Each structure stands twice: as C-alpha cells, then as structure tokens.
Amino acid sequence: MNLSSMTILSKAGVAQNSALSQVVSTRSNILEMSQTAEEAVLRPKKCGVFGHDVRAAIAARVAQLAEDETLAAFYAVDAGQYAVLADPQETGESQGLAAILAFVDKVSNCTHEVTAEDVSGLKTAGISDADIVRLCELVAFLAYQIRVIAGLRLMQRETA
Amino acid sequence: MTHIVRKFTRKVPQWQPRVVPVKLEDATPQQLSALRVTPSNTKVSAYVLTLAHDVESLSVRSPLFNAIMYDRGGLSREERELGALAASMVNHCVYCAAVHADRHAKLANDETVTDELFANGSEADLSPRNRAIFEFSRKAAESPPSAGPEDMEALSNAGLSDEEIFDLILSSSLFGWANRLMHVLGDPVRREVKA
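One structure accompanies this document, and this report is about it. All residue numbers refer to positions counted from 1 along the written sequence of the respective chain. Whichever chain is written first is A, and whichever ligand is written first is 1; the rest continue in order. In keeping with the model being predicted, local features are shown solely for residues with a pLDDT of at least 70 and side-chain atom pairs are shown and tallied solely at 80 or more, while totals for entire chains, interfaces and linings include all residues.

**Let's talk about the overall build of chain A**
Counting its regular elements, chain A contains 8 helices and 0 strands. Throughout, the radius of gyration refers to the C-alpha atoms, and the reference size of a globule is 2.2 Å times the residue count to the power 0.38. The C-alpha atoms of chain A give 16 Å as radius of gyration, which agrees with the globular expectation for 160 residues (15 Å, within 12%). Seen through its C-alpha atoms, chain A measures out along the principal axes to roughly 50 × 30 × 30 Å. Every one of the 160 residues in chain A was classed for burial, and the buried ones make up 46%. Any residue pair is listed as a contact if its two C-beta atoms, each placed from the backbone, are within 7 Å. Put simply, of all contacts in chain A between residues at least 6 apart along the chain, 58% involve residues at least 24 apart. In this text, helices come from DSSP runs of H or I with a minimum length of four residues, and strands from runs of E with a minimum of two, each type numbered from the N-terminal end. Exposure in this text rests on C-beta crowding, where 20 or more other C-beta atoms within 10 Å of a residue's own make it buried, 12 or fewer make it exposed, and counts in between make it partly exposed. The C-beta atoms are placed from the backbone.

**Some points on the packing of helix 7 (residues 128-141) of chain B against helix 9 (residues 162-185) of chain B**
Residues and elements named next belong to chain B. Where helix 7 contacts helix 9, the two axes come as close as 10 Å, and the packing angle between them is 40°. The angle between helix 7 and helix 9 places the two elements in the oblique class. Viewed along their axes, helix 7 and helix 9 form a crossing whose handedness is right-handed. Counting all contacts with helix 7, which are made through Ile-133, Phe-136, Ser-137, Ala-140 and Ala-141, the residues of helix 9 involved are Leu-168, Ser-172, Ser-173 and Gly-176. Residues are sorted three ways: Asp, Glu, Lys and Arg are charged, Ala, Val, Leu, Ile, Met, Phe, Trp, Tyr, Cys and Pro are nonpolar, and all the rest, Gly among them, are polar. Grouping the amino acids of the contact of helix 7 with helix 9 by side-chain chemistry returns 5 nonpolar, 4 polar and no charged. Axis definition: a line fitted to C-alpha atoms, over the contacting stretch in the case of helices. Angles run 0 to 180 degrees between N-to-C directions. Our angle categories are set so that under 35 degrees counts as roughly parallel, over 145 as roughly antiparallel, 65 to 115 as roughly perpendicular, and the remainder as oblique. Left-handed is the label given to a crossing in which the near helix is rotated counterclockwise from the far helix by less than a right angle, and right-handed is the label when the rotation is clockwise.

**Some points on the interface of chain A and chain B**
Of the residues lining the interface, 48 residues belong to chain A; the matching set on chain B comes to 44 residues. Sorting the residues of the side of chain A that touches chain B by element identifies helix 2 (19-24), helix 3 (28-42), helix 6 (98-109), helix 7 (116-124) and helix 8 (129-159) of chain A as the ones contributing at least two each. It is helix 8 of chain A that contributes the most residues to the side of chain A that touches chain B, 23 residues altogether. Its residues assigned to classes, the side of chain A that touches chain B comprises 28 nonpolar, 10 polar and 10 charged.

**A short note on the pairing of strand 3 (residues 186-191) of chain B**
Residue and element names in this part refer to chain B. For strand 1 (residues 2-4) and strand 3, the ladder comprises 3 bridges, and the chain directions are antiparallel. Looking at the pairing, Ile-4 lines up with Val-189 of strand 3. Inspection of the sheet shows strand 2 (residues 14-17) paired to strand 3 by 4 bridges, in the antiparallel sense. When the bridges of strand 3 are listed, Trp-15 appears paired with Pro-188. Note on pairing: DSSP must find at least two bridges between two strands before they are called paired.

**Structural notes on the nonpolar core**
Residues and elements named next belong to chain A. Ala-57, Ala-60, Ala-63, Tyr-75, Cys-136, Val-139 and Leu-142 are the most contacted members of the largest nonpolar core, which totals 109 residues. Considering each element in turn, this core owes the most residues, 18 residues, to helix 8. For Leu-142, the contacting residues outside a window of four places in its chain are Ala-59, Val-62 and Ala-63. What makes a nonpolar core is a set of buried Ala, Val, Leu, Ile, Met, Phe, Trp, Tyr and Cys residues, with links drawn between C-beta atoms within 7 Å.

In short, geometric facts, not functional conclusions.
Written as structure tokens, this is what we have:
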C-alpha cells in the first residue's frame, strides 16, 4: 500500500512502516475506495456545472470550516481562479456563487438545521437536480474525509 | 397523506426525495451498472435513484459503505452501528438514526441501549464501553469535529484495540457523509393512518 498517494493517510501524517500504518493496512480496501471517491467528487469526468477548480475551492473552504488547514491548503492548490472562495468569509457574490456557498456552508457545519427550503433555494437559483446531488456528494464526502483524518491524527498521538 | 417524521424512532420511515430521482427507464448503462439493476433485480430505492444523478460517486460509494459497515474482523457490527447512530443523532438525520438504531437493537438483541439514547441523548446511561464509543462518535460528528485525546484514551481504557478504534473512526465518519445526503436531499415520512 503506497501511503503517500492516499490523501487520508498523507494529510493525517501516517508514516510508512509506522505502528499506525500497520493498523490501517488491515482496511487497505477501504482506504483505496476512499481515494477513488475523492477522485469522483473532486475530479469527475462528468462535472455538471461544477468544474474541477470550483470543486477544489469548495473543498478547501469546507476543510477551512472544519479547521483543517493542512487539508485546506492541499485542495486550494487546484482552485485556480476560484481560490479566493476557500476563505469562509468570502460570500461568492462577485462570482455569482453566493447561493451555492451559503448552501455548502450550512450543509457542512449546520447539517441538522438543513430544511427543504435550502434545497428549493438552490433550484430557484437555477441549479438542476443533478447538480444539487453532485454538490451534496462533494460536501458529504469531505465531511467523511475530514473526520477520518482527524481520527487518525488522534490515533497517531496514542500509538507514537 | 404523509407527514414528516421529526422525532427519533426505531420504526424506519419512508424516504421522500426533495429532488426528482433518475427514472429507471431513462437510466444510462453506467447508471444501471451503479444501481446494480439486473433482470432479476429491478427494485431500486428512491434514495439510490436520487444518488444516480452523480453516478461516478454512487459507483464507489455503495461498495465503500458495505466494506466499512460489514467487512469481517475488527469492531463488532453492533458497535459500528452505534458509531453510525451517534453521528446520525448529531446531524439529526431521523431516517439514518432509525435504520441504524433498528439494526443495533437486532444485532445486540437488546432495545434498551437505543431506547436510552433516544430518551436521554448524551446523558444516556450506558455501559462503559458503549459510553466511550458513543461519546467519541458524537464528538467526532460535530462540526468542526471535537473529539480529543481524552476520548481516544477512553476508548483504549474501555478495551478497544487500535484496529477496533480505526473501524469506529470509519463507521462514525461514514455517517458524516451519509447524513449529508439523506437528511439534505429528502424527508423521512410516514403515511397517515386513519383512526
């Protein structure tokens, strides 16, 4: 298992041949599928309205909201012209993405408060059903990835 | 008539999408493959048909979900369900909470743990091992995640091996993902029963 090619392990700082790398290698299939899932939401073949650069900017923003600056910096590299949106203070108004970023922020950090109106608001903003699902998959995957990384960092302290 | 279920329950509701799902008759070959539609299996849930809008994600999500929740070894299945339930309670995903509380009760052959959790939340009276599992998963599910070294220590003290702790991280984190689909893209509903 090549640890450096997997975002979860490299961003959690799990070193090759460490005690923790032995533990996680029992679930190498899960780590590999997690990396494939990252490809599917960050760099899909069919993007819909969200290109790879906007997706990277959203990912950096979500990581920033979760206070994971290492992961945020990793995603920000690919954000291109949207890099400024990685800052949660930016509304996205001037890029025409205000409704989308407000939705991203709420789904990421106030999931329990999301209602049907949040979804219908995106439709009103002209986002198709397929693109709403694509946006949710991106944000939802990141919630998973951020938490696996956070958990591994805690384990690292224990097994070090 | 249907009504939206807002309180936690083990009685699994139906799930009603807030967007229009892919229609099976319009599905592309790639979507049909991700939906696992075969001549002998033509039943696909509204949830999976909704996720088929993003077929690249769906194709990897289903096997990943199954591996995290069902692969052999490591943490027991019922304890993975407890991690899933804790996250679902934090995110108030009533549908996911119902499915995974029900599975926990059946796997554990015991309804008292989930009864207690639904009645008292983080104040629930649990065994030391269940308490450590629930507390870690609950804090890990918060935004930003707030589990700390003391929660990790509690898991070790409760007897979890490192392999079991990693499985718990995976199952509770997985519901950070699942809840943000289920709870955001649809409503848990039940048909009104006329008295």
